[in-house]
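# Residue-level structure breakdown
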Amino acid sequence: MKRRYELSDQQWDLVALLLPHEAKGFGRPRRDDRTLLNGMFWMLNSGASWRDLPDRYGPWQTVYDRFRHWQKQGVLERIFEQLRLKLDEKGLIAPQT
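First, a word on what this report is: a plain description of the structure on this page. In every chain, residue numbers begin from 1 and rise along the written sequence. Thresholds applied to this predicted model are a pLDDT of at least 70 for local features of residues and 80 or more for the giving and counting of side-chain atom pairs; totals over whole chains, interfaces and linings are not thresholded and use all residues. Values shown for side chains rest on all heavy atoms present in the structure; no hydrogens or waters enter the calculation.

In this section: the packing of aromatic side chains. Centre distance within 6.5 Å is the pairing criterion for rings of Phe, Tyr and Trp, where only the six-membered ring of Trp is used; planes under 30 degrees apart are then read as stacked, over 60 as edge-to-face, and the remainder as tilted. One pass over the structure, following the stated rule, counts three aromatic pairs. Plain terms: the ring middles of tryptophan 50 and phenylalanine 67 are 5.4 Å apart, the flat faces sit at 50° to each other, and that makes the pair tilted. Of this pair, tryptophan 50 sits in the loop between α2 (33–46) and α3 (60–73) while phenylalanine 67 sits in helix α3, and the two are 17 residues apart along the sequence. Cluster of aromatic residues (ring-pair linked, three or more members): Trp50, Tyr64 and Phe67. Elements are defined by DSSP. Helices are runs of H or I of four residues or more, strands are runs of E of two residues or more, and each kind is numbered from the N terminus.

This is how it looks when you write it as structure tokens:
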């Protein structure tokens, strides 16, 4: 079931290749990128505080840490640009004047 603000399978396929491939390390298993990205979109769209992130996205600190890491790496900018290009390609973005 797709929830509000979450990526569809088609959207996920579009951005999944833009995410960095992190080496497997020791310790806890790495959280699923799609789940965390959906949590980031939930945060950006809801306007809630990080501490109010629903549990289904994992611990808010983990989502926030990955958000900051990807923000610093330019990953989020590449994702948003890819999504913008797709929307523009489909004529869903009004030309800027």
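Having seen the model, we can carry on.
Within the secondary structure, serine 46 is located in helix α2. Placed 41 residues apart in sequence, serine 46 and tyrosine 5 show a C-alpha to C-alpha distance of 8.7 Å. There is a polar contact of 3.1 Å between the side chain of serine 46 and the backbone nitrogen of alanine 48. Any pair of N or O atoms that falls within 3.5 Å is considered a polar contact. Within protein, one atom must be able to donate a hydrogen and the other to accept it, and sequence-neighbouring residues count only if both atoms are side-chain atoms.

Geometric descriptors of this kind do not, in isolation, establish any biological role.
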